[in-house]
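Per-entry structural report
Listed below are the residues making up each chain.
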Amino acid sequence: MSLFQNYKDLVLNHEWNQELLKQVRAIVAEDESLMEPFTLPSGVADVKDAMDWMTNKRPKLLKFFSDNVYGRILPRPQSLSFEVLSIKEDALNNTAIRKEIRIHSENNGKSHAFDCLLYIPKNATKPVPAFAGLNFRGNQLTIDELDVRRSGLVPENEANHDKRATQKDLWCFRETVARGYASITACYHDIFPDSAAAWDRSALTLFDNVDGFKGCHENYTSIGVWAWGLSRMLDYLESDPLIDASQVAVHGLSRLGKTALWAGATDQRFKMVVSNCSGCGGAALSRRLLGENLFIMHTVFPHWLVKNIEQFIGHEDTAPFDQHELLELAAPRLLAVASATADSWADPHGEFLSAKAASEVYRLFGSEGLPAETDPSPDQYVTGHISYHIRTGVHSQQPLDWGHYLQIADKYFVK
Ligand code: GCU
């Protein structure tokens, strides 16, 4: 029986429970030879030109992803304010200004706050472009400066100094600042603690009395709330005279790469969208069924996508959409997709094909999209309005990945 048939038989004919999850995990494919031919829905079918795409097709596609995948798009809260918690003028060996900012939101009588860490090049003579991304474990893990405030849900015993800075390679603040860019981060747990049961401790509570609110998983998702947080970070950047907020790249690794793609789709103020090993529900095509599939992701992380996605699980091959269309929502802005060789769970080749397929929308805008016909060799950067590389190594965001993002920014951002 073919892989797809096997998958369909399991997910369409059995009760969705932990036992089924085990069985579906057991057939997860890592082998390209098991892939079957497929046809992708075309993003440009019936689209006349770039204007037609922007005014007609794009809003429909965005609504489709909102209704069926990532949930309702959350607005800016009624009241938003920025509290400067600290400023350090001689950060990173006197090369950067470091700011810690608390973003306060109020809506419908509820309030929420989360803390950001921001580095800005010290010698800049004019406002600088910036990178914005969420981190997994707290701001204090992203850099080796011991006086960075603790954030995130890291348990007390892990907040000790020896656990600090353990994710600093994922952030590369020193290199980014040296190249002339600011970089801001916040811990995603502080926006929505990453658990199905935690929505009542998340920023989603700000909106729980709006019309039609049915709850997380029903018509809202944690990915949607994290993306909302990224937009609020951009609101802050717009208010900071040291930042050129018209040139901000949103980026993220893995589940936060899925989030960065959705943030780029929902907030066109982001001028570059970076997906790092985002995999299933991110840049990877669901039709291929290599690595993680929608059934597994949705069962393990039910708060990431809306319930409506369930109608397509087992029918990925005939679904009216696939993930290349999420990438198309970045057009005509800069888009970078990164994979890693030892990350079959995220289907690197499926991420490449998706970036390639999204090029047809970029072509409407007179751009080539991704300038590559076939997968590049590991560690080779393919740079264009759509960029791609596959790093040698595991599921992560590493200096080699940053090397590419900075190269893209150097090429296209104006400094
Ligand atoms: C799990 C999940 C992936 C996700 C990853 C991560 O592996 O299955 O979909 O991308 O976690 O966020 O690290």
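Data block above holds the structure.
Bear in mind that the values here come from a model prediction, so they are computed numbers and not experimental data. (Residues numbered from 1 in each chain as written. Predicted model: local features only at pLDDT ≥ 70, side-chain atom pairs only at ≥ 80, totals over all residues. Heavy atoms only, no water.)

**Focus on the overall build of the protein**
- The helix and strand tally for the protein stands at 11 helices and nine strands.
- Projected onto its principal axes, the C-alpha coordinates of the protein cover approximately 65 × 45 × 45 Å.
- Put simply, of all contacts in the protein between residues at least 6 apart along the chain, 71% involve residues at least 24 apart.
- Split by element, the accessible area of the protein, about 15900 Å² in all, is 50% carbon and sulfur. (Helix = DSSP H or I, 4+ residues; strand = E, 2+ residues; numbered from the N terminus. Contact = heavy atoms within 4.5 Å. Areas by Shrake-Rupley, 256 points an atom, 1.4 Å probe, with all protein chains shown as cover.)

**Some remarks on the site of the ligand**
- Within the structure, the ligand sits among Ser-254, Arg-255, Lys-258, Glu-292, Phe-301, Trp-304, Trp-345 and His-395.
- Contacts to the ligand include Ser-254, whose side-chain N or O atom sits 2.6 Å from an oxygen atom.
- Contact between the ligand and Trp-345: an oxygen atom at 3.0 Å from a side-chain N or O atom of the residue.
- Protein burial of the ligand: of its 320 Å² of free accessible surface, 81% is covered by the chains.
- A molecule is said to occupy a pocket when more than half its atoms come within 2 Å of that pocket's grid points, and by this definition the ligand occupies the largest pocket. (Near = heavy atom within 4 Å. Polar contact = N/O pair within 3.5 Å; in protein donor to acceptor, adjacent residues only side chain to side chain. 1 Å grid on protein atoms, 1.4 Å probe; cavity = no way out; pocket = protein on both sides within 12 Å on 5 of 7 lines; lining within 4 Å. Sits in = over half its atoms within 2 Å of the grid points.)

**Section: helix α3 (residues 50–70)**
- Taking 1.5 Å of rise per residue, the 21 residues of α3 would be expected to cover 30 Å, yet its terminal C-alpha atoms sit only 25 Å apart, more than 12% below that figure.
- When the local axis directions of α3 are compared, the greatest deviation, roughly 40 degrees, occurs at Lys-57, which is followed within four positions by the proline Pro-59.
- Looking at α3, one finds that the buried residues are Ala-50, Asp-52, Trp-53, Lys-57, Arg-58, Leu-61, Leu-62, Phe-65, Ser-66, Asn-68, Val-69 and Tyr-70.
- After α3 finishes, the residue Gly-71 shows a positive phi value of roughly 85 degrees. (Expected span 1.5 Å × (residues − 1). Bend = angle between axes of the 7 residues up to and from the residue. Buried < 20%, exposed > 50% of the residue type's maximum accessible area, 1.4 Å probe, protein only.)

**So, empty space enclosed by the protein**
- Taken as a whole, this structure holds five cavities of 30 Å³ or more when the rule is applied.
- If you add up the space inside the largest cavity, you get close to 80 Å³.
- Surrounding the largest cavity, 14 residues form its lining, Cys-280, Leu-285, Ser-286, Glu-292 and Asn-293 being those nearest its centre.
- For the lining of the largest cavity, the residue count by class is eight nonpolar, three polar and three charged.
- The volume enclosed by the second largest cavity comes to roughly 70 Å³.
- Among the secondary structure elements, those contributing two or more residues to the lining of the second largest cavity are β4 (128–135) and β6 (243–253).
- In terms of residue class, the lining of the second largest cavity is built from five nonpolar, six polar and no charged. (Points joined across faces, edges and corners; volume = space filled by probe spheres on them. Nonpolar A, V, L, I, M, F, W, Y, C, P; charged D, E, K, R; others polar.)

**Let's talk about helix α10 (residues 348–364)**
- Most of α10 is tucked away, with 12 of its 17 residues classed as buried.
- Looking only at α10, the buried set comprises Pro-348, Gly-350, Glu-351, Phe-352, Ser-354, Ala-355, Lys-356, Ala-357, Ala-358, Ser-359, Val-361 and Tyr-362.
- Downstream of α10 by a residue or two, Gly-366 has a phi angle that is positive, lying close to 80 degrees.

**As for the environment of Val-28**
- Topologically, Val-28 is positioned in the loop between α2 (18–26) and α3.
- Here Val-28 falls in the partly exposed class, since its relative accessible area comes to 22%.
- Distance in space between the C-alpha atoms of Val-28 and Leu-289 is 7.8 Å, their sequence separation being 261 residues.

**What about the pairing of strand β2 (residues 96–107)?**
- Most of β2 sits inside the fold, with nine of its 12 residues counted as buried.
- Pairing geometry for strand β1 (residues 79–90) and β2, over nine bridges, is antiparallel. Within β2, the position partnered with Val-84 by the bridge is Ile-101.
- Pairing between β2 and strand β3 (residues 110–121): 12 bridges, direction antiparallel. Within the sheet, the bridge partner assigned to Lys-99 lies in β3 and is Leu-118.
- Remark: two residues form the turn of the hairpin made by β2 and β3, two consecutive strands paired antiparallel; Asn-108 in that turn has positive phi of roughly 45 degrees. (Pairing = 2+ DSSP bridges.)

**As for the layout of surface pockets**
- Looking at the largest pocket, its volume works out to about 210 Å³.
- Taken together, 17 residues form the lining of the largest pocket, with Ser-254, Lys-258, Glu-292, Trp-345 and His-395 sitting closest to its centre.
- Those elements that place two or more of their residues in the lining of the largest pocket are α7 (255–266) and α8 (294–300).
- Counted by class, the lining of the largest pocket contains eight nonpolar, four polar and five charged residues.

**A short note on the side chain of Thr-221**
- Structurally, Thr-221 is set in the loop between β5 (182–187) and α6 (222–239).
- For Thr-221, a relative accessible area of 1% corresponds to the buried category.
- At 2.6 Å, the side chain of Thr-221 forms a polar contact with the backbone oxygen of Tyr-70.
- Ignoring anything within four residues of it in the chain, the contact list for Thr-221 reads Val-69, Tyr-70, Gly-71, Cys-216, His-303, Trp-304, Leu-305 and Val-306.

**Examining the packing of helix α1 (residues 3–13) against α2**
- Contact geometry for α1 and α2: axes closest at 10 Å, N-to-C directions at 175 degrees. The angle between the axes of α1 and α2 places the two elements in the roughly antiparallel class. Where α1 abuts α2, its residues Tyr-7, Leu-10 and Val-11 lie against Leu-20, Gln-23 and Val-24.
- Broken down by class, the residue content of the contact of α1 with α2 amounts to five nonpolar, one polar and no charged. (Axes fitted to C-alpha atoms, helices over the stretch in contact; angles between N-to-C directions. Parallel < 35°, antiparallel > 145°, perpendicular 65-115°, else oblique.)

**Side note on the sheet that holds strand β9 (residues 386–391)**
- With mixed pairing, the nine strands of this open sheet are ordered in space as β1-β2-β3-β5-β4-β6-β7-β8-β9. Both outer strands of the open sheet, β1 and β9, are each paired with one neighbouring strand and no more. Within the sheet, the average angular offset between the axes of one strand and its neighbour, ignoring direction, is 20 degrees.
- The strands that α7 touches are β4, β6, β7 (272–276) and β8 (334–340); relative to β6, the one it contacts most, it runs at about 145 degrees.

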